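Inside the fold
In case you want the letters, here they are:
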Amino acid sequence: MSGINKVILVGHLGKDPEVRHLDGGVTVASFPLATSETYNKDGKRVEQTEWHNIVLWRGLAEVASKYLQKGKLVYIEGKLRTRSFEDKEKVKKYVTEIVAENFTMLGRKSDFEQSPTATIHQAPAERKIEDEFTIGPSDENGDLPF
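Residues numbered from 1 in each chain as written. Predicted model: local features only at pLDDT ≥ 70, side-chain atom pairs only at ≥ 80, totals over all residues. Heavy atoms only, no water.

- Under the annotation held in an unreviewed UniProt entry, the protein carries the name Single-stranded DNA-binding protein and is attributed to Pedobacter petrophilus.
- UniProt's Subunit (unreviewed entry) comment on the protein is quoted here verbatim: "Homotetramer." (UniProt positions renumbered as here; feature names shortened; annotations may be inferred.)

Set out below in structure tokens:
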């Protein structure tokens, strides 16, 4: 039996996506994503924030660079990937990233006014999400909705 490598995150972008164009015209975008959880410790509410490195490739990277920006709330599905590289001093370093397979922009409609395909959706959650924006295949042909 093969394993499962699935990551689901909902968080806020720590900065605007950084976009690079590699040889062969391949686009890659990356940004940090903050997820937070709260718990009680000795009767006090404590918030713990975790930072995740998100990487998007090709068309998904292009869409992210156009619509995502620092502070926006986003739902991300992807897989965990660890890679290694050598720094300037030839020391081997490791970095763990979330390679996004799709994402959904969350928030108010006014947050994404440039999106022509906004759909209103009430989410049954503790935090009220007024609008939901999905980026991904819009039909069976896999065409993007714009």
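Points about unusual backbone geometry
- Phi at arginine 58 is positive, roughly 55 degrees, even though this residue is not glycine.
- Take arginine 58: it is sitting in helix α1 (residues 58-67).
- On the basis of relative accessibility, which here comes to 52%, the residue arginine 58 falls in the exposed class. (Helix = DSSP H or I, 4+ residues; strand = E, 2+ residues; numbered from the N terminus. Buried < 20%, exposed > 50% of the residue type's maximum accessible area, 1.4 Å probe, protein only.)

Digging into the pairing of strand β6 (residues 92-107)
- Relative to β6, strand β4 (residues 44-57) runs parallel, the two being bridged by two bridges. Counterpart to valine 55 in the pairing with β6 is valine 99.
- Looking at chain direction, strand β5 (residues 73-86) and β6 are connected through 14 bridges and run antiparallel. Across the sheet, the residue bridging to glycine 78 is alanine 100, located in β6.
- Here β5 hands over to β6 after five residues, with lysine 90 in that stretch at a positive phi of 65 degrees. (Pairing = 2+ DSSP bridges.)

Some points on the nonpolar core
- By size, the foremost hydrophobic cluster in this structure holds 20 residues, and its most contacted members are Phe31, Leu33, Ile54, Leu56, Leu68, Ile76 and Phe103.
- Of all the secondary-structure elements, those providing two or more residues to this core are β1 (7-13), β3 (27-41), β4, α1, β5 and β6.
- Among the elements that line this core, the one with the most residues is α1, at five residues.
- Those residues within four positions of leucine 68 in sequence are excluded, and the remaining contacts are Leu13, Pro17, Phe31, Val74, Phe103 and Met105. (Core = buried A, V, L, I, M, F, W, Y, C linked by side-chain atoms within 4.5 Å. Contact = heavy atoms within 4.5 Å.)

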